[in-house]
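Observations on the three-dimensional arrangement
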Amino acid sequence: MLIFFTISLFVFSIGFAVGGLLAGPRVLPPFVQLFLLTGIFLVCTYVGMFIGAILPSIFSFGFIDFFLAICCILVVISIITRFHPIYGFFPPNDKIIVLLLAALFCLIGFQWGVIGYKTFFTFLMSFFFLCSMTIGLIVQQHILQKLWRFAYISFVPLIWLLFVTVFKLL
């Protein structure tokens, strides 16, 4: 039960942070991006779960957590370096961030496969990811409306993601 709670908290945190990052551009984000990122999450976690279920379980839960933390830190660094004031954190021609998120989602699915969670869990967590992204987007838009004068307020979701990454390592 503790593993289920930890995984759910991690998926919620990543969804909340990614949803908050979608509120970064000056224009309102299209809700197509929410469903596109949820689709990427579903496909990549399912592929990772399939690979984790097929391979012999020589990897421990903590070992995979270590690689998840490294991938999260790489995502944060790439997001910080590729921020554009008009386009936000996901510029139209830059696919590096999406590829790093896909690798992160695949590692999450690999961890689920090693643990033994299957298809229903993946669909449940994909819906949970969509809900948490929507909540993160709404919360970050309210923060941006209240504190619009501060230029660095768009980076608040990254602080949340770093906090959860450190929590994942513990």
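This text gives an overview of the structure that appears in the document. (Residues numbered from 1 in each chain as written. Predicted model: local features only at pLDDT ≥ 70, side-chain atom pairs only at ≥ 80, totals over all residues. Heavy atoms only, no water.)

On to helix α6 (residues 156-169), then. Between its first and last C-alpha atoms α6 spans 21 Å; for 14 residues at 1.5 Å apiece the expected length is 20 Å, and the two agree. Pro157, Leu158, Leu161, Val164, Thr165 and Lys168 are the residues of α6 that are buried. Buried residues of α6, seen end-on, are gathered within an arc of 125 degrees and therefore sit on one face of the element. Exposed residues pointing more than 90 degrees away from the buried face of α6 are listed as Ile159, Phe163 and Val166. Of the surrounding secondary structure, the elements contacted by the buried residues of α6 are α1 (2-21), α3 (61-81), α4 (96-115) and α5 (119-146). (Helix = DSSP H or I, 4+ residues; strand = E, 2+ residues; numbered from the N terminus. Expected span 1.5 Å × (residues − 1). Buried < 20%, exposed > 50% of the residue type's maximum accessible area, 1.4 Å probe, protein only. Arc of directions from axis to C-beta. Contact = heavy atoms within 4.5 Å.)

Next up on the list: a nonpolar patch on the surface. On the surface, a cluster of nonpolar side chains totalling about 540 Å² of accessible area is made up of Phe63, Phe66, Phe67, Ile70, Leu74 and Leu169. Here the nonpolar patch takes 5 residues from α3, the largest share from any one element. Accessibility expressed as a relative area gives 37% for phenylalanine 67, which makes it partly exposed. (Patch = residues over 30% accessible without salt bridge, like charges linked within 9 Å, V, L, I, M, F, W, Y side chains within 5 Å. Areas by Shrake-Rupley, 256 points an atom, 1.4 Å probe, with all protein chains shown as cover. Salt bridge = Lys/Arg side-chain N within 4 Å of Asp/Glu carboxyl O.)

Turning our attention to the side chain of serine 154. Relative to the assigned elements, serine 154 resides in the loop between α5 and α6. Residues within four places of serine 154 in sequence aside, it is in contact with Leu21, Gly24, Phe89, Gln140 and Leu144.

With that settled, the discussion passes to the nonpolar core. One recurring pattern in soluble globular proteins: nonpolar side chains tend to sit buried together. Membership of the largest hydrophobic core comes to 42 residues, with the highest contact counts inside it found for Ile14, Phe90, Leu101, Leu104, Phe105, Ile108 and Trp112. Broken down by secondary-structure element, the contributors of at least two residues to this core are α1, α2 (31-54), α3, α4, α5 and α6. In terms of residues, this core owes the most to one element, α4, which gives 9 residues. (Core = buried A, V, L, I, M, F, W, Y, C linked by side-chain atoms within 4.5 Å.)

A separate point is the packing of aromatic side chains. Counted according to the given criterion, the structure contains 16 aromatic pairs. A centroid spacing of 5.8 Å and a plane angle of 70 degrees characterise the contact between phenylalanine 66 and phenylalanine 67, whose relative ring orientation is edge-to-face. With 5.4 Å between their ring centres and 75 degrees between their planes, phenylalanine 105 and phenylalanine 129 make a pair best called edge-to-face. One end of the pair, phenylalanine 105, is in helix α4; the other, phenylalanine 129, is in helix α5, and 24 residues separate them in sequence. Note on phenylalanine 129: relative accessible area 0%, which makes it buried. (Phe/Tyr/Trp six-rings, centres within 6.5 Å; stacked < 30°, edge-to-face > 60°.)

Moving on, we get to the environment of glutamine 141. Of note, glutamine 141 is situated in helix α5. Along the sequence, glutamine 141 and phenylalanine 167 sit 26 residues apart, while their C-alpha atoms lie 26 Å from each other.

On to the packing of α1 against α4. Taken N-terminus to C-terminus, the directions of α1 and α4 make an angle of 170 degrees; their axes are 12 Å apart at the nearest point. Classified by the angle their axes make, α1 and α4 are roughly antiparallel. The segment α1 lies against α4, with Ile3, Ile7, Phe10, Val11, Ile14 and Val18 engaging Leu101, Leu104, Phe105, Ile108, Trp112 and Ile115. Of the residues in the contact of α1 with α4, the class split is 12 nonpolar, no polar and no charged. (Axes fitted to C-alpha atoms, helices over the stretch in contact; angles between N-to-C directions. Parallel < 35°, antiparallel > 145°, perpendicular 65-115°, else oblique. Nonpolar A, V, L, I, M, F, W, Y, C, P; charged D, E, K, R; others polar.)

Before going further, it helps to examine the packing of α2 against α5. Look at α2 against α5: their axes get within 9 Å of each other, and the N-to-C directions meet at 150 degrees. What the angle tells us is that α2 and α5 run roughly antiparallel. Between α2 and α5 lies a crossing whose hand is right-handed. Here Phe31, Leu34, Phe35, Leu37, Thr38, Phe41, Leu42, Thr45, Tyr46 and Met49 of α2 come into contact with α5, specifically with Thr119, Thr122, Phe123, Met125, Ser126, Phe129, Leu130, Met133, Thr134 and Leu137. Taken together, the residues that form the contact of α2 with α5 break down as 14 nonpolar, 6 polar and no charged. (Left-handed = near helix turned anticlockwise from the far one by under 90°.)

To continue, consider the side chain of glutamine 140. Along the chain, glutamine 140 falls in helix α5. For glutamine 140, a relative accessible area of 3% gives the class buried. Residues within four places of glutamine 140 in sequence aside, it is in contact with Gly20, Ala23, Ile153, Ser154, Val156 and Pro157.

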